[in-house]
Amino acid sequence: MSESSLPVFSVERLPAVGATTLDGPEGKHAATVRRLRAGEQLLLSDGQGGLARCEVAASARDSLRLSVAETWHVPQPALRVRLAQALVKGDRGELAVELATEAGVDAVVPWRAARCVAKWDDGPRGAKALARWRSTAAQAAKQARRAWTPLVDDPVSTRQLAELVGRADAALVLHESATTPLASVDLPAAGELVLVVGPEGGVASDELATLTDAGAQVVRLGPTVLRASTAAAVALGAVGVRTDRWN
């Protein structure tokens, strides 16, 4: 079985070559849900580029005894993409994070845009919503067999987002009124690219002005208008083709 088809399980710290035990929630899932047995292989990931190829030596009720055959580290791409995703109502925000993670995003910043229907407060409800985004990113990274799990930051205001844009090597705001296609803009070969996706109601004109004043370019993906939950994944595909991120 090739490494690209092996199931992936998360660990806080990558084990050394030799014997180790996968326990806790991941061990229980591997033993009782995936029903992995002696002789089968899997990958362990620390979410920070570290991977370990293992063979199951023995299975218990809620854990696996593993033999670690090899470990290695996958470097981050030279050009990293940080997605500023406006808050989206319902489970569409989690869908946006899931699709962006599968498409290779390196970090996600929840954006409290003016026209967001969803409102994350600073109390328990907001913390719960943020936890769901982080859990979604972790699960999607495992599903996509990624060595790096995207970091989901605390939510930001437009002013704070403008500060991120100002520090980035490049920044793109997806907007339906833009005349410049993403396919024609110059992208840096390395550093950080901030990709801004607004809410379903669109990016307000004053927000657009704030972000462009900070150095962002306003671009469009194509002739159609995409949902806030899918736009980032499509844009990441375009960036992957136009840079060395997919090489």
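Please read these numbers as outputs of a predicted model, since none were measured by experiment.

1. Notes on the pattern of salt bridges
Working definition: two side chains of opposite charge can pair if their charged atoms are close together.
Moving on, step 1. All told, the structure shown has ten salt bridges when counted by the stated rule.
Moving on, step 2. The shortest N-O distance in the salt bridge between Arg53 and Glu70 comes to 3.0 Å. With a gap of 17 residues between them, Arg53 in strand E4 (residues 50-59) and Glu70 in strand E5 (residues 64-73) connect regions that are remote in the sequence.
Moving on, step 3. On the basis of relative accessibility, which here comes to 30%, the residue Glu70 falls in the partly exposed class.
Moving on, step 4. In the salt-bridge network here, residues are joined through shared partners; they are Arg82, Asp153 and Glu192.

2. Re helix H1 (residues 24-33)
Moving on, step 1. Turning to H1, its buried residues are Glu26, Gly27, Ala30 and Ala31. In a view along the axis of H1, the buried residues occupy a sector of 120°, so they form one face of it. Turned more than 90 degrees off the buried face of H1, the exposed positions are Pro25 and Val33.
Moving on, step 2. Buried residues in H1 make contact with strand E1 (8-10), strand E2 (18-22), E5 and helix H3 (124-143).
Moving on, step 3. Taken from the residues just after H1, Arg35 is the one with a positive phi, measuring 55°.

3. What to know about the UniProt feature "domain: Ribosomal RNA small subunit methyltransferase E PUA-like" (unreviewed entry) in the chain
Moving on, step 1. Per the UniProt record, "domain: Ribosomal RNA small subunit methyltransferase E PUA-like" (unreviewed entry) is annotated on residues 22-67.
Moving on, step 2. As annotated, residues 22-67 has a helix share of 22% and a strand share of 43%, and its two end C-alpha atoms lie 10 Å apart.

4. Regarding the pairing of strand E10 (residues 191-197)
Moving on, step 1. Of all the seven residues making up E10, seven are buried; the element is thus mostly covered by neighbouring parts of the structure.
Moving on, step 2. In this structure, strand E6 (residues 79-86) lies alongside E10, joined through seven bridges in parallel fashion. Following the sheet pairing, Leu83 is matched in E10 by Leu195.
Moving on, step 3. When strand E9 (residues 170-174) meets E10, the two strands line up parallel, connected through four bridges. If you follow Val173 over to E10, its bridge partner there is Val196.

5. Thoughts on the pairing of strand E3 (residues 41-45)
Moving on, step 1. For E3, a buried count of four out of five residues is recorded, marking the element as mostly surrounded by other parts of the structure.
Moving on, step 2. Across three bridges, E1 lies against E3 in parallel orientation. Paired with Val8 across the bridge in E3 is Leu43.
Moving on, step 3. In the sheet, E3 pairs with E4 via five bridges, with the strands oriented antiparallel. Paired with Gln41 across the strands is Glu55, a residue of E4.
Moving on, step 4. What sits between the antiparallel neighbours E3 and E4 is a turn of four residues, in which Gly47 has the positive phi angle 75°.

6. As for the environment of Gly49
Moving on, step 1. Mapped onto the fold, Gly49 is located in the loop between E3 and E4.
Moving on, step 2. As a C-alpha pair, Gly49 and Ala235 span 186 residues in sequence and 23 Å in three-dimensional space.
Moving on, step 3. Those residues in contact with Gly49 that lie beyond four places of it in its chain are Trp72, His73, Val74, Ala147 and Trp148.

7. Notes on the nonpolar core
Moving on, step 1. Trp111, Leu161 and Leu211 are the most contacted members of the largest nonpolar core, which totals 51 residues.
Moving on, step 2. Grouped together as the second largest cluster of nonpolar side chains are 14 residues, Ala30, Ala31, Ala52 and Cys54 included.

8. Here's the deal with the domain arrangement of the chain
Moving on, step 1. Taken domain by domain, the chain comprises domain 1 (3-73) and domain 2 (79-242).
Moving on, step 2. Look at where the C-alpha atoms of domain 1 and domain 2 centre, and you get two points 32 Å apart.
Moving on, step 3. The partner domain 2 presents six residues to the 15 residues of domain 1 that form the contact.
Moving on, step 4. Interface area for domain 1 against domain 2, summed over the two sides, is near 780 Å², with a carbon-plus-sulfur share of 51%.
Moving on, step 5. Counting across the interface, domain 1 meets domain 2 through one salt bridge.
Moving on, step 6. Across the salt bridge formed by Lys142 and Glu26, the nearest N and O atoms sit 2.9 Å from each other.
Moving on, step 7. The interface formed by domain 1 and domain 2 includes five residue pairs in polar contact (both at pLDDT 80 or more).
Moving on, step 8. Looking at the side of domain 1 that touches domain 2, the elements with two or more residues in it are E1 and E4.
Moving on, step 9. Sort the elements by how many residues they give to the side of domain 1 that touches domain 2 and E1 lands first, with three residues.
Moving on, step 10. Class assignment of the residues belonging to the side of domain 1 that touches domain 2 gives a composition of four nonpolar, nine polar and two charged.

About the cut-offs
- Numbering of residues begins from 1 in every chain and follows the order in which that chain's sequence is written.
- For a predicted model such as this one, the threshold for reporting local features is a pLDDT of at least 70, and the threshold for listing and counting side-chain atom pairs is 80 or more; totals across whole chains, interfaces and linings nevertheless cover every residue.
- Side-chain measures were taken over the full set of non-hydrogen atoms in the model, leaving aside hydrogen atoms and water.
- One speaks of a salt bridge when a side-chain nitrogen belonging to Lys or Arg is within 4 Å of a carboxyl oxygen belonging to Asp or Glu.
- For the purposes of this entry, the term helix denotes a DSSP run of H or I that reaches at least four residues, the term strand denotes a run of E that reaches at least two, and both are numbered from the N terminus.
- When accessible area is computed with a 1.4 Å probe and restricted to protein chains, residues below 20% of their type maximum are described as buried, those above 50% as exposed, and intermediate ones as partly exposed.
- An arc is given here, and it is the one of the directions from the helix axis to the C-beta atoms.
- A contact between two residues is defined here by any heavy atoms of the two lying within 4.5 Å.
- UniProt positions are given in the numbering used here, feature names are shortened, and annotations may be inferred rather than shown by experiment.
- Pairing between two strands requires that DSSP report at least two bridges joining them.
- The nonpolar core is taken to be a set of buried Ala, Val, Leu, Ile, Met, Phe, Trp, Tyr and Cys residues, with the residues joined through side-chain atoms within 4.5 Å.
- Residue ranges assigned to each domain were obtained from an automatic or database domain assignment.
- As a working definition, buried area equals the accessible area (1.4 Å probe) given up by two parts on being put together, with both sides summed.
- Throughout this description, a polar contact denotes any pair of N or O atoms lying within 3.5 Å of each other; where both atoms belong to protein, one of them has to be capable of donating a hydrogen while the other can accept it, and for residues adjacent in sequence the pair is counted only when both atoms sit in side chains.
- Under this grouping Gly is polar, as are all residues other than the nonpolar Ala, Val, Leu, Ile, Met, Phe, Trp, Tyr, Cys and Pro and the charged Asp, Glu, Lys and Arg.

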